[in-house]
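A look at the structure
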Amino acid sequence: MPASHVQAAAATTASVHGPMSFRPAARRPGRIGRVTISLSVAGYVLAYPWLFSYLGNSAGTLVILSVFFVAWSCGWLPGLLGGLATFPVNLALTLTVSDQSAGEWIARGALLGTCAVMSLGFLVGWLNHLNRRARSELEARERIERGLQESELRFRTLAEASPAMITLFEGSTRTLVNATATRMTGYSREALLTGGIEIAVHPDDRHRVRERWASRDRGETPTSPFAFRILTTEGETRWLEAYSSPIDDTRLVSVAVDVTDRKQAEAAARASDRRFRTIFDESPTGMALLDLDQRFSAVNQALCDMLGYDADTLVTLRMPEVTHPDDVGLDADLVGQVLAGGLASYR
């Protein structure tokens, strides 16, 4: 996947879903938790004599169940507080019992029951917290996976619609090519994916492509753009200009555009310049190029021979300086007409 896009995949997911932290945090008892704890303790105090007289150990069971409910509904901290609240309540109620043996039994039961309730409240609440944490992690992972899938789908859609040839490399193996790549080279998508890095590369440029990959393997950063030729399946030579960007240590994306027309225009311009230079330098007629101030910018050898100046001296002079004084005014008038468009040339 392209650096720019693949690197864009992670950024889009972070911006949409935001940073995630899985650090467990104690849940403070909210309004529902406080009300539930208060009602549980109040009900326990009011019903304690009746519960103890008629239910015996079942009273402790009801307390445990109430704290269990608080812990599961509101988190481990409310459960812990609910269990802790039973200890002073049990001790206070012990004082209301006239039977000393019963009071001692209740006191011991209060201590053991409180420890059990606190442990159970903490354990149940913590298990519930772990359950919520696991569910949160699973949902976060699913969001990341969906984000990556959506990002890859967007990239593939854009790549297929791009007029440039887009290729994703993992190591030296192509893992993705778009439709433009098959259209430019004439090779099928399967041939490009299974072929080496030199497939479709012009034989005269293969050594440059190999050296570019070798420099990347050495940890160097090759310069972009990189211009090279390809040889299509129909035998046509075309110029590509490739821009590559790394995604990570093993993957990179390459975007190549067809610059054949520009290369041909540049070659034609160079050929034209060479032809002009040959005619200019070899002509037996004195020739010169002047700027708008009539200063010589280039002269040929024939003109130097006519005027008796060497080329280095002549390019420091202006046309009026080498013109006969009687013709300076006429020459200036003719030059003005040429610059104004009134004349195409003059002799």
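Residues numbered from 1 in each chain as written. Predicted model: local features only at pLDDT ≥ 70, side-chain atom pairs only at ≥ 80, totals over all residues. Heavy atoms only, no water.

**Brief notes about the pairing of strand 7 (residues 296-299)**
To be explicit about the condition: Strands are labelled as partners when DSSP assigns at least two bridges between them. Where helices and strands are cited, they refer to DSSP runs of H or I of at least four residues and of E of at least two residues respectively, numbered from the N terminus.
By the bridge criterion, three bridges tie strand 6 (residues 288-290) to strand 7 in an arrangement that is antiparallel. Counted as the bridge partner of Leu 289 is Ala 298 from strand 7.

**Examining the sheet that holds strand 5 (residues 251-258)**
Heads up, the condition is: Only the stretch in contact is used when fitting a helix axis, every axis being a line fitted to C-alpha atoms; angles between N-to-C directions are given from 0 to 180 degrees. Note on contacts: a residue pair is in contact if any heavy atoms of the two residues lie within 4.5 Å.
Read across the sheet, five strands follow the order 2-1-5-4-3 without closing on themselves; strand pairing throughout is antiparallel. Where the open sheet ends on each side, the last strands, each with one partner, are strand 2 (173-177) and strand 3 (226-231). The average undirected angle you get between the axes of adjacent strands in this sheet is 35 degrees. Here six bridges tie strand 3 to strand 4 (residues 237-246), and the two strands are oriented antiparallel to one another. Across the sheet, Arg 229 pairs through a bridge with Trp 239, a residue of strand 4. Contacting strand 1 (165-170), strand 3, strand 4 and strand 5, helix 8 (residues 206-217) runs over the sheet at an angle of about 135 degrees to strand 3. Helix-sheet contacts for helix 9 (residues 260-282) involve strand 3, strand 4 and strand 5, and the interaxial angle to strand 4 is about 120 degrees.

**Considerations on the nonpolar core**
Selection criterion: Throughout, nonpolar core names a set of buried Ala, Val, Leu, Ile, Met, Phe, Trp, Tyr and Cys residues whose side chains join them through atoms within 4.5 Å. When a residue's accessible area, from a 1.4 Å probe over protein chains only, is under 20% of the maximum for its type it is buried; when over 50% it is exposed; and in between it is partly exposed.
One finds Met 165, Val 209, Trp 213, Phe 228 and Leu 240 to be the most contacted residues of the largest nonpolar core, which totals 18 residues. For this core, the elements supplying multiple residues, two or more each, are strand 1, helix 6 (179-185), helix 8, strand 3, strand 4 and strand 5. Ranked by residue count, the leading element in this core is strand 3, at three residues. Residues within four places of Leu 240 in sequence aside, it is in contact with Met 165, Met 184, Phe 226, Ala 227, Phe 228, Ile 230, Ala 256, Val 257, Asp 258 and Val 259. Listed in part, the seven residues of the second largest apolar core include Phe 155, Ala 159, Leu 168 and Leu 176.

**Side note on the pattern of salt bridges**
Threshold: Within this document, salt bridges are pairs made up of a side-chain nitrogen of Lys or Arg and a carboxyl oxygen of Asp or Glu, the two lying within 4 Å of each other.
If you walk through the whole model with that rule in mind, you get 14 salt bridges. Notably, a salt bridge pairs Glu 266 with Arg 262, separated by 3.4 Å at the nearest N-O pair. One end of the pair, Glu 266, and the other, Arg 262, are both in helix 9, four residues apart, so they sit about a helical turn from each other. Residue Glu 266 is classed as partly exposed on the basis of its relative accessible area, which comes to 31%. For Arg 262, a relative accessible area of 37% translates into the label partly exposed. One salt bridge connects Arg 318 with Asp 293, and the closest N-O pair in it is separated by 3.6 Å. Taken together, the residues span a long stretch of sequence, with Arg 318 in the loop between helix 11 (311-314) and helix 12 (325-340) and Asp 293 in the loop between strand 6 and strand 7 at a distance of 25 residues. Judged by its relative accessible area of 41%, Asp 293 falls in the partly exposed class. Through salt bridges with shared partners, a single network forms among Asp 205, Arg 208 and Arg 229.

**Some thoughts on the packing of aromatic side chains**
What describes a pair of aromatic rings is the distance from one ring centre to the other and the angle between the planes of the rings. Rule in force here: Only Phe, Tyr and Trp rings take part, Trp by its six-membered ring, and two of them pair if their centres are within 6.5 Å. Stacked means planes under 30 degrees apart, edge-to-face means over 60, and tilted covers everything else. We call a charge positioned over a ring when the NZ of a Lys or the CZ of an Arg lies within 6 Å of the ring centre and within 35 degrees of the ring normal.
Enumeration over the complete set of coordinates arrives at three aromatic pairs. Both rings, one in Phe 169 and one in Trp 213, keep their centres 5.1 Å apart while their planes meet at 65 degrees; by these two values the pair is edge-to-face. Of the two residues, Phe 169 sits in strand 1 while Trp 213 sits in helix 8, which places them 44 residues apart along the sequence. Per residue, the accessibility class of Phe 169 equals that of Trp 213, and both read buried. Above the plane of the ring of Trp 213 lies Arg 216, whose end atom (NZ or CZ) is 4.9 Å from the centre. Stacked on the ring of Trp 239, the Lys or Arg Lys 263 has its end atom at 4.8 Å from the ring centre.

**Describing the confidence of the model for the protein**
To keep things clear, this is the line we draw: Values of pLDDT, the confidence the predictor places in each residue, fall between 0 and 100.
On average, the protein scores 75 in pLDDT, and the residues at 70 or more come to 63%. Across residues 1-30, where pLDDT falls below 50, the model places 59 contacts with residues more than four positions away in sequence or in other chains. The low-confidence segment residues 54-59 (pLDDT under 50) makes six contacts with residues lying over four places distant or belonging to another chain.

**Considerations on the environment of Gln 264**
Mapped onto the elements, Gln 264 comes out in helix 9. Gln 264 sits in the exposed class, given a relative accessible area of 51%.

**Structural notes on helix 12**
Keep this limit in mind: For a helix, the expected span equals 1.5 Å multiplied by the number of residues minus one.
An ideal rise of 1.5 Å per residue puts 22 Å on 16 residues; helix 12 measures up with 24 Å between its terminal C-alpha atoms. Those residues of helix 12 not exposed but buried are Asp 331, Leu 334 and Val 335. At the C-terminal side of helix 12, Gly 341 shows a positive phi close to 90 degrees.

**A short note on the pairing of strand 2**
As a general feature of sheets, a regular strand has side chains that alternate between the two faces. Relative to strand 2, strand 1 is paired through four bridges, and the arrangement is antiparallel. Within the sheet, the bridge partner assigned to Leu 168 lies in strand 2 and is Leu 176. Between strand 1 and the antiparallel strand that follows it, strand 2, lie two residues; Gly 171 among them carries a positive phi value of about 70 degrees.

**Digging into the side chain of Glu 241**
Selection criterion: Pairs of N or O atoms within 3.5 Å make up the polar contacts considered here, provided that, within protein, one atom can donate a hydrogen while the other can accept it, and that residues adjacent in sequence are counted only when both atoms are side-chain atoms.
Mapped onto the elements, Glu 241 comes out in strand 4. Its relative accessible area of 11% is what places Glu 241 among the buried residues. Among the polar contacts listed, one links the side chain of Glu 241 to the side chain of Tyr 243, at a separation of 3.1 Å. A polar atom in the side chain of Glu 241 sits 2.8 Å from the side chain of Arg 262. Setting aside its immediate chain neighbours within four residues, Glu 241 contacts Pro 225, Phe 226, Ala 227, Val 255, Ala 256, Val 257, Val 259 and Arg 262.

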